[in-house]
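# Working through the structure, step by step
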Amino acid sequence: MRVLVLSTCYPRFAGDFAGAHVERGVRRLLEAGHAITIVAPADDRPEVPSFSGGAAVERVAFLPRRWRSLPYGYGGIPVHLRERPLRVLQVPFLL
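An account of the accompanying structure is given in this report. (Residues numbered from 1 in each chain as written. Predicted model: local features only at pLDDT ≥ 70, side-chain atom pairs only at ≥ 80, totals over all residues. Heavy atoms only, no water.)

Taken residue by residue, helix α2 (residues 76–83) has G76, V79 and H80 as its buried positions. In a view along the axis of α2, the buried residues occupy a sector of 100°, so they form one face of it. (Buried < 20%, exposed > 50% of the residue type's maximum accessible area, 1.4 Å probe, protein only. Helix = DSSP H or I, 4+ residues; strand = E, 2+ residues; numbered from the N terminus. Arc of directions from axis to C-beta.)

The subject of this paragraph is helix α1 (residues 20–31). For α1, which comprises 12 residues, the first-to-last C-alpha distance of 17 Å matches the rise-based estimate of 16 Å (1.5 Å per residue) to within 8%. For α1, every residue scored as buried is listed here: V22, E23, V26 and L30. The buried residues of α1 occupy an angular sector of 100° when the element is viewed end-on, so they sit on one face. In this structure, α1 carries H21, R28 and E31 as exposed residues pointing more than 90 degrees from its buried face. Those residues of α1 hidden inside the fold are in contact with β1 (2–6) and β2 (35–41). Backbone geometry just downstream of α1 places G33 in the positive-phi region, at approximately 95°. (Expected span 1.5 Å × (residues − 1). Contact = heavy atoms within 4.5 Å.)

Take the nonpolar core next. If you look at the biggest cluster of nonpolar residues, it comprises 12 residues: V5, C9, Y10, A18, V22, V26, L30, I36, I38, A40, A55 and Y72. Those elements that place two or more of their residues in this core are α1 and β2. Excluding anything up to four places from it in sequence, A40 contacts S7, C9, Y10, E58, R59, V60 and Y72. (Core = buried A, V, L, I, M, F, W, Y, C linked by side-chain atoms within 4.5 Å.)

Time to look at the sheet that holds β1. Note: strands within a sheet are paired through backbone hydrogen bonds, in either parallel or antiparallel orientation. Spatial strand order, β1-β2-β3: three strands in an open sheet with parallel pairing. With partners counted over all chains shown, the strands left at the sheet margins are β1 and β3 (56–60), one partner each. Neighbour-to-neighbour, the strand axes of this sheet turn through a mean angle of 15°, independent of strand direction. Taken together, the five bridges between β2 and β3 define a ladder with parallel strand orientation. When the bridges of β3 are listed, T37 appears paired with A56. Docked against the sheet, α1 engages β1 and β2, running at close to 165° with respect to β2. (Pairing = 2+ DSSP bridges. Axes fitted to C-alpha atoms, helices over the stretch in contact; angles between N-to-C directions.)

Rendered as structure tokens:
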């Protein structure tokens, strides 16, 4: 079966904690023989090849780099929204 995984975060490099729970689920689906494509937001840092294990990872730049401050970092989206409530304006672009 072909599976598309949409996530607000996915590990960007080895040892990244962001989206580690999604990565574990993807590994299990791959072990079961499914074809996986992951769509996750781009990050400000240069892309470093991370876990793929046979999955295709597509990074989407949903806004210009200087305006993106929602998906990654300590605490993720909930913490970022509490810190700066106007970041809610990024949500429609992320979705």
